[in-house]
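The lines below spell out each chain.
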Amino acid sequence: MLPYAAYLRVYEPLAAFTPSERVSWAAYAEATDRPRRASALHAEHGEAVRRLLGVPPTPAPAQESPNAYLRRVEEVLYVCPWQSRLRSWLAFSRFRGATPVRLMERFMPISVAERTADDFDRFKRHNDSTALRTNIRGSTWHIPTSWFIPFDGNERWLVLDGDPKSEGTTTTRNLIYVTSMAHARRRSARALQIIRRQIGEVAVTAEVEDVARWLEEFHPHSLVELDYGGIVNLMDDDKLQADQSVAELAAALTGLESGEEELAFAMYQRVILRWRSIQLLESAN
């Protein structure tokens, strides 16, 4: 929900939801006042900013968001719930675990932090582990290498300012990949096999495995989307057009598989250096 963030999303078909949820999401899709794709990210970010700028700040909303991202393919409705409350709780837990108490006090009163933690603990006690599953993963200031693996270069959809294709479908300027869950799982499994056989158990192996396991938690007929989101604000049009990270990483894996180590290294380095230069902007003046 931050301005310079990218998102990995899973859209599940209505069949993945309970009967009552199916009715609710179908009605939601027909609603005229729901956030549309063109403004959804802005609406999400606005909600988060208002909570955090309040006095005192509110790390997580009191109720779960009723909103979702929607896709419709051949009359099949796919739903990706925002899950703003759950995602905020999870982000708060990670932040609190990595922040010393004295520094935490600068962000919010300890009483607020403790109340938020208690609310989350109560939620976990009354729900099983599946209730902690999120359909959306976010990453600020860069895109993890493992996020490119489920996709193919031909699934790339780039929209720049003034592109008539962008009207009513996405933000004015963005880069998005969308694929089927079957393709995403197959590509992730292949990547894991190649990396383990050629390189072994290294950091990137664990990252790819984490994404692969996450994908296994969803309906097999889901859609998977990589949305560059606010990251495009860190890249001009030329950089966006030149960004072929998915295709380059696929070429690196194919090079590893076929024994072309120089090609594999060159493609992988191209991806790593591109995103390292973007991530460094976080600490730039």
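The rules behind these values
Counting restarts for each chain, with residues numbered from 1 along the sequence as it is written. Two thresholds apply to this predicted model, a pLDDT of at least 70 for residue-level local features and 80 or more for giving and counting side-chain atom pairs, whereas whole-chain, interface and lining totals are computed over all residues. The side-chain numbers reported here are obtained from all heavy atoms of the structure, hydrogens and water having been left aside. Think of it this way: any DSSP run of H or I at least four residues long counts as a helix, any run of E at least two long counts as a strand, and we number them from the N terminus. Polar contact criterion, stated in full: a pair of N or O atoms within 3.5 Å, where within protein one must be able to donate a hydrogen and the other to accept it, and residues adjacent in sequence count only if both atoms are side-chain atoms. Here a residue-residue contact requires only that any non-hydrogen atoms of the pair lie within 4.5 Å. Side-chain atoms within 4.5 Å link the members of a nonpolar core, which is a set of buried Ala, Val, Leu, Ile, Met, Phe, Trp, Tyr and Cys residues. A simple rule labels every residue: compare its accessible area, found with a 1.4 Å probe on the protein chains alone, to the largest value its type can have, and call it buried under 20%, exposed over 50%, or partly exposed in between. Given the number of residues in a helix, its expected span is that number minus one, multiplied by 1.5 Å. Regarding the arc, it is the one traced by the directions from the helix axis to the C-beta atoms. Aromatic pairs are defined between Phe, Tyr and Trp rings, using the six-membered ring for Trp, whenever the two ring centres lie within 6.5 Å; interplanar angles under 30 degrees are classed as stacked, those over 60 as edge-to-face, and all others as tilted. One side-chain nitrogen of Lys or Arg within 4 Å of one carboxyl oxygen of Asp or Glu is enough to make a salt bridge.

Engineer: Would you mind going over the side chain of Glu12 with me for this structure?
Structural biologist: Mapped onto the secondary structure, Glu12 falls in strand β1 (residues 5-13). Separated by 2.9 Å, the side chains of Glu12 and Arg133 make a polar contact. Polar side-chain contacts of Glu12 include one of 3.1 Å to the backbone nitrogen of His219. Beyond its immediate stretch of four places on either side in the chain, Glu12 contacts Phe17, Leu77, Tyr78, Val79, Arg133, Asn135, Phe218, His219 and Ser222.

Engineer: In this structure, what is going on with the nonpolar core? I would like to understand it.
Structural biologist: In summary, soluble globular proteins display a tendency toward joint burial of nonpolar side chains. Ranked by internal contacts, the top residues of the largest apolar core, which has 42 residues, are Phe148, Leu226, Tyr228 and Trp275. Non-local contacts of Tyr228, meaning those with residues more than four positions away in its chain, are made with Ala5, Ala6, Ile143, Phe148, Asn174, Leu175, Tyr177, Met235, Leu240, Asp243, Ser245 and Trp275. Within the second largest apolar cluster, 11 residues are counted, among which are Tyr7, Tyr11, Leu41 and Cys80.

Engineer: When you look at helix α5 (residues 110-125) in this model, what are you seeing that I'm missing?
Structural biologist: Along an α-helix, residues three or four apart share an orientation, since each turn contains 3.6 residues. For α5, which comprises 16 residues, the first-to-last C-alpha distance of 22 Å matches the rise-based estimate of 22 Å (1.5 Å per residue) to within 8%. Where α5 is concerned, the buried positions are Val112, Ala113, Thr116, Ala117 and Phe120. Buried residues of α5, viewed axially, fall in a sector of 130°; they line one side. Residues of α5 that are buried sit in contact with α3 (84-98) and α4 (101-107).

Engineer: Is there a simple way to explain unusual backbone geometry in this structure?
Structural biologist: A negative phi holds for most residues other than glycine; trans holds for most peptide bonds. Within the chain, Gln83 stands out as a residue other than glycine whose phi angle is a positive 50°. On the secondary structure map, Gln83 appears in the loop between β3 (76-81) and α3. By relative accessible area, Gln83 is classed as buried at 12%. A positive phi angle, near 70°, is found at Trp141, a position not held by glycine. In this structure, Trp141 sits in the loop between β4 (136-140) and β5 (156-159).

Engineer: Could you clarify how one ought to interpret the packing of aromatic side chains in this entry?
Structural biologist: Evaluated as defined, the whole model comprises 11 aromatic pairs. Here Trp214 and Phe218 contribute two aromatic rings whose centre-to-centre distance is 5.3 Å and whose plane-to-plane angle is 85°, an arrangement assigned as edge-to-face. Of the two residues, Trp214 and Phe218, both sit in the buried class. Ring centres 5.7 Å apart and planes at 65° place the aromatic pair Tyr228 and Trp275 in the edge-to-face group.

Engineer: Even after reading the chapter, I still don't get the pattern of salt bridges, so can you show me in this structure?
Structural biologist: Pairs can form between side chains of opposite charge whenever their charged atoms are close. One pass over the structure, following the stated rule, counts 19 salt bridges. With a closest N to O distance of 2.7 Å, Arg137 and Asp210 form a salt bridge. Here Arg137, found in strand β4, pairs with Asp210, found in helix α7 (residues 203-215); they are 73 residues apart in sequence, far enough to count as distant. Of the residues examined, Asp210 reaches a relative accessible area of 40% and is grouped as partly exposed. Here Arg270 ties to Glu248 by a salt bridge, and the two come within 3.8 Å at their closest N and O atoms. Of this pair, Arg270 sits in helix α10 (residues 261-279) while Glu248 sits in helix α9 (residues 245-258); the two residues are 22 residues apart in sequence, bridging distant segments of the chain. Residue Arg270 is classed as partly exposed on the basis of its relative accessible area of 45%. Connected through shared salt-bridge partners, Arg9, Arg71, Glu225 and Asp227 make up one network.

Note that all results are geometric; they support no functional claim without further evidence.
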